Amino acid sequence: MQLFDFLTDPVLRGPTIGTMLMAVSASLIGVLLFVRKRSLIAETLSHATYPGVMIAAACGVEHLSIWILVAAFIAAILGYQTVELLQQRFRVRTDVALTFVLASFFGVGVTIASIVQHTHTSAYRQVQTYLFGQAATMSDHHIVIYSLLSLLVISLLMLFFRPLFAATFDKSFSRVVGLGNKGIEILFLLLVALSVVIGIKSVGVVLLSAMFIAPATAARQYTNKLSTMFVLAAAFGASSGFLGSYLSVVLSKPHLSLPIGPMIAIVASGFALISLAIARMRRVFYESLQRS
Amino acid sequence: MENIALKLNSLDVFYEKIPVLQKLSMEVKAGELVAIVGPNGAGKSTLLKAVLGLVKKARGSITIFGQPVKKVRARIAYVPQCESVDWDFPITVFDLVLMGCFKRNRFRLWASRSEKQEVYKALEEVGMEAFLDRQISQLSCGQRQRAFLARALVQKADIYFLDEPFAGIDAASAKQVLQTLHTLRDNGKTLLVVHHDLESVSTDFDAVILINKQLIGYGPTKEMFTPDLIKQTYATV
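Residues numbered from 1 in each chain as written. Chains lettered and ligands numbered in written order. Predicted model: local features only at pLDDT ≥ 70, side-chain atom pairs only at ≥ 80, totals over all residues.

1. Description of the overall build of chain B
Right, so step 1: When its secondary structure is counted, chain B shows eight helices and 10 strands.
Right, so step 2: Computed over its C-alpha atoms, the radius of gyration of chain B comes to 18 Å, within 12% of the 18 Å expected for a compact globule of 237 residues.
Right, so step 3: The 237 residues of chain B split such that 44% are buried.
Right, so step 4: Sequence-distant contacts, at least 24 apart, represent 71% of the contacts inside chain B between residues at least 6 apart. (Helix = DSSP H or I, 4+ residues; strand = E, 2+ residues; numbered from the N terminus. Rg over C-alpha atoms; globule rule 2.2 N^0.38 Å. Buried ≥ 20, exposed ≤ 12 C-beta atoms within 10 Å, placed from the backbone. Contact = placed C-beta atoms within 7 Å.)

In C-alpha cells, the structure reads:
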C-alpha cells in the first residue's frame with residue numbers, strides 16, 4: 001500500500017484526514033495552553049465531555065449525529081466553568097480544581113454509561129468508543145464536519161493572533177491598552193472546547209491530552225518565537241495524525257488490530273521525546289563549547 | 001494640549017479590606033517627568049495599577065487628559081515591574097516590541113514593513129538593536145527594561161507609567177533609560193515613574209509625588225524634596 005493512498009482511498013481517507021485535522025487543531029491550541037502553563041486544561045476538559053456524550057446517547061442520539069459534538073461541547077464548557085467557579089468563589093488551587101473537575105465529571109460520565117448500557121444498549125456500544133477513540137469508523141461525512149470545525153479553530157487563531165498573544169504573554173499590558181481581555185478569555189475557552197470536541201472521536205477522551213501537549217512540547221525545543229512554534233506544532237500534529245493512521249493499518253495483522261488513536265498518541269509522544277533529547281544534546285554541546 | 005495629564009479625586013484602594021491608598025487627590029501636570037516616591041508598601045505600584053484599571057478602586061475618580069481611563073487607553077503606555085512577566089515565554093525582543101503596535105493593528109498576522117521600521121527605530125533609541133532576535137530570558141535585567149521601554153515607545157502614547165524601571169539594572173542601562181525618558185518629556189509626553197533611588201530624584205526628575213498610603217505631597221522636585229517631607233513620607237503610618 002502506497003503512503004499516498006491514505007489520503008485518497010475511500011476507506012482510509014476518512015480516518016486519516018479526520019485525525020490529521022483533529023491533530024492540527026489540538027496541536028495549535030496546545031501551544032496556547034503550553035505557553036499559558038495550563039496544559040492540564042485539555043486533560044480535564046476532554047474527560048469532562050464524557051458525561052455529555054453519554055447523556056446524548058441516553059437521549060437516543062445516533063453516534064454519527066452532530067448532537068454528540070454539541071453535547072460534548074456543552075459538557076466541556078460546563079467543566080471549565082466549574083474549574084473557574086472553584087478557583088474564584090471557593091479559592092481552590094488551580095491544579096486541585098482541574099483534577100477535581102476531571103475526576104468528578106468523568107465519574108458522572110462512567111455512572112451514566114453503566115445506566116445507558118442497559119437502557120440503550122446499541123447507542124451505548126457506539127458511543128463508548130469515545131473513551132479511547134475510534135477513528136476507523138470515520139466517513140467522508142466526518143471529514144466535512146471536522147474540516148469545518150478545524151478551519152474555524154485555525155481562522156479564529158489567525159484572526160485573533162495578536163490579542164491572544166498579548167493576553168497570554170502580558171495580561172496587564174493587554175488590559176492597559178484595551179485589547180479586550182474578557183472577550184479574549186471567552187475566545188480562548190471556545191477554542192479549547194472546540195478542539196477537544198474535534199478530538200474525542202478519533203483519539204478518545206483518555207488519550208486526547210497527548211495531542212495537546214506533545215506537539216507543543218516538541219515545537220518549543222526548536223524555536224523561541226511563538227509564531228514559529230504554532231507552525232511547527234501544527235506540522236508535528238499533522239505528521240502524528242498521518243503516521244499514526246498509517247502505522248495502525250500497516251502494523252495490524254489478521255490476529256492483531258492496532259487502533260488509530262493510541263498509535264497517534266504514541267507517535268506524537270515519540271516526536272516530543274526525540275525533540276527533548278535533541279534539545280538536551282544541543283545544550284550539552286554548547287556548554288562544552290563554552291567551557292573549552 | 002491638555003494641561004492636566006492625570007487627575008485623582010479622593011481615590012481609595014483596598015487589598016482584601018486593608019486600605020492601601022486613602023483619599024488620594026491630585027492633579028498631575030502634563031509634560032513632566034514625575035517620580036513616585038515612598039517606602040515599601042506605601043502603595044506606589046498600587047497607585048499605578050489603580051490608575052490603569054489593573055486593580056479595582058473602592059472610591060473616587062480617575063481621569064487622564066480629562067477623560068475616563070477607558071476612553072484614552074490608546075494614549076497610555078505601561079512598563080511593568082521586571083519580575084511580573086514569564087521570562088521563559090517563547091518571545092524575542094522583536095516580538096515584544098512589536099506588541100506596541102497591537103492596539104492599532106490588532107487583526108494583522110505578520111508585521112508590516114512600517115511596523116518593522118517602528119520597532120527598529122524604538123530599539124535603536126534604547127540601544128537594543130543588537131538584541132533583536134534574542135529570547136527575553138537571555139537578557140540582563142537592564143536589557144529587559146530597555147526592551148519594555150521600546151515597546152512603550154512604539155505605542156506612541158502621550159502618558160507613560162513605569163513601575164521601577166531602574167530597579168536592579170546596570171549603570172549603562174540606567175543612563176540609557178533616563179535619556180529616553182528625558183527625550184520623551186522634551187517631546188511633551190507625561191511620565192510617571194515609580195522610583196526608589198532618592199538621590200537621583202532631585203537631579204533627574206521635574207516633579208515628585210510623595211506617598212505613604214496617603215498623599216504626602218506633589219510638586220516640583222525642588223519644593224517637595226525637603227528633609228521634613230521626606231521624613232514624613234518614610235515615617236511609619
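2. A word on the overall build of chain A
Right, so step 1: Within chain A one finds 13 helices and zero strands.
Right, so step 2: Ordered by position from N to C terminus, the α and β elements of chain A give α-α-α-α-α-α-α-α-α-α-α-α-α.
Right, so step 3: Computed over C-alpha atoms, the radius of gyration of chain A comes to 20 Å, within 12% of the 19 Å expected from 2.2 N^0.38 for 292 residues, which places it in the range of a compact globule.
Right, so step 4: The principal-axis extents of the C-alpha atoms in chain A amount to approximately 65 × 55 × 30 Å.
Right, so step 5: Long-range pairs, those at least 24 residues apart, make up 76% of the contacts in chain A between residues at least 6 apart in sequence.

3. Notes on the sheet that holds strand 4 (residues 59–64) of chain B
Residues and elements named next belong to chain B.
Right, so step 1: Within the open sheet, the four strands sit side by side as 2-1-4-5. Their pairing is antiparallel. The open sheet has two edge strands with one neighbour each: strand 2 (18–29) and strand 5 (67–68).
Right, so step 2: Bridge count between strand 4 and strand 5: two bridges; the pairing is antiparallel. Residue pairing for strand 5: Ile64 is matched across the bridge by Gln67. (Pairing = 2+ DSSP bridges.)

4. Looking at the pairing of strand 2 of chain B
All names here are of chain B.
Right, so step 1: With eight bridges connecting them, strand 1 (residues 4–15) and strand 2 associate as antiparallel partners. Bridge pairing in strand 2 places Phe14 opposite Pro19.
Right, so step 2: As consecutive antiparallel partners, strand 1 and strand 2 are separated by two residues, and within that stretch Glu16 has a phi angle of approximately 50 degrees, a positive value.

5. What to know about the sheet that holds strand 7 (residues 159–163) of chain B
The strands that make up a sheet pair up through hydrogen bonds in the backbone, lying either parallel or antiparallel.
All names here are of chain B.
Right, so step 1: With respect to topology, six strands assemble into an open sheet ordered 6-7-8-3-9-10, the strand pairing being mixed. Of all the strands in the sheet, just strand 6 (76–79) and strand 10 (214–220) have a single pairing partner and so form its edges. Averaged over all pairs of adjacent strands, the angle between their axes in this sheet comes to 15 degrees, without regard to strand direction.
Right, so step 2: Across six bridges, the pairing between strand 9 (residues 207–212) and strand 10 is antiparallel. Across the sheet, Asn212 pairs through a bridge with Gln214, a residue of strand 10.
Right, so step 3: Taken strand by strand, helix 1 (residues 44–52) contacts strand 3 (33–37), strand 6, strand 7, strand 8 (190–194) and strand 9, and its axis lies near 145 degrees from that of strand 7.
Right, so step 4: Against the sheet, helix 8 (residues 227–234) makes contact with strand 3, strand 9 and strand 10, and its axis sits at roughly 150 degrees relative to strand 10, the strand it touches most. (Axes fitted to C-alpha atoms, helices over the stretch in contact; angles between N-to-C directions.)

6. What about unusual backbone geometry?
Working note: non-glycine residues mostly have negative phi, and peptide bonds are mostly trans.
Residue and element names in this part refer to chain B.
Right, so step 1: Phi is positive for Lys17, close to 70 degrees, though the residue is something other than glycine.
Right, so step 2: Following the sequence through the fold, Lys17 ends up in the loop between strand 1 and strand 2.
Right, so step 3: A residue is classified by how many C-beta atoms lie within 10 Å of it, and Lys17, with 6 of them, is exposed.
Right, so step 4: The residue Lys213 is not glycine, and still its phi comes out positive at about 65 degrees.

7. Section: the packing of helix 2 (residues 13–35) of chain A against helix 11 (residues 208–220) of chain A
Residue and element names in this part refer to chain A.
Right, so step 1: Across the interface, helix 2 lies against helix 11 with an axial gap of 7 Å and an inter-helix angle of 65 degrees. As judged from the angle between their axes, helix 2 and helix 11 are roughly perpendicular. In this structure, helix 2 meets helix 11 at a crossing whose hand is right-handed. Counted together, Ala23, Ala26, Ser27, Ile29, Gly30, Val31, Leu33 and Phe34 of helix 2 and Met211, Phe212, Ile213, Pro215, Ala216, Thr217, Ala219 and Arg220 of helix 11 form the full contact between these two elements. (Parallel < 35°, antiparallel > 145°, perpendicular 65-115°, else oblique. Left-handed = near helix turned anticlockwise from the far one by under 90°.)

8. Things to note about the environment of Ala71 of chain A
All names here are of chain A.
Right, so step 1: One can find Ala71 in helix 4 (residues 66–88).
Right, so step 2: Given 22 C-beta atoms within 10 Å, Ala71 falls into the buried group.
Right, so step 3: Note: C-alpha distance between Ala71 and Ala57 (14 residues apart in sequence) is 9.7 Å.
Right, so step 4: Other than its neighbours up to four places away in sequence, Ala71 contacts Gly52, Val53, Ile55 and Ala56.

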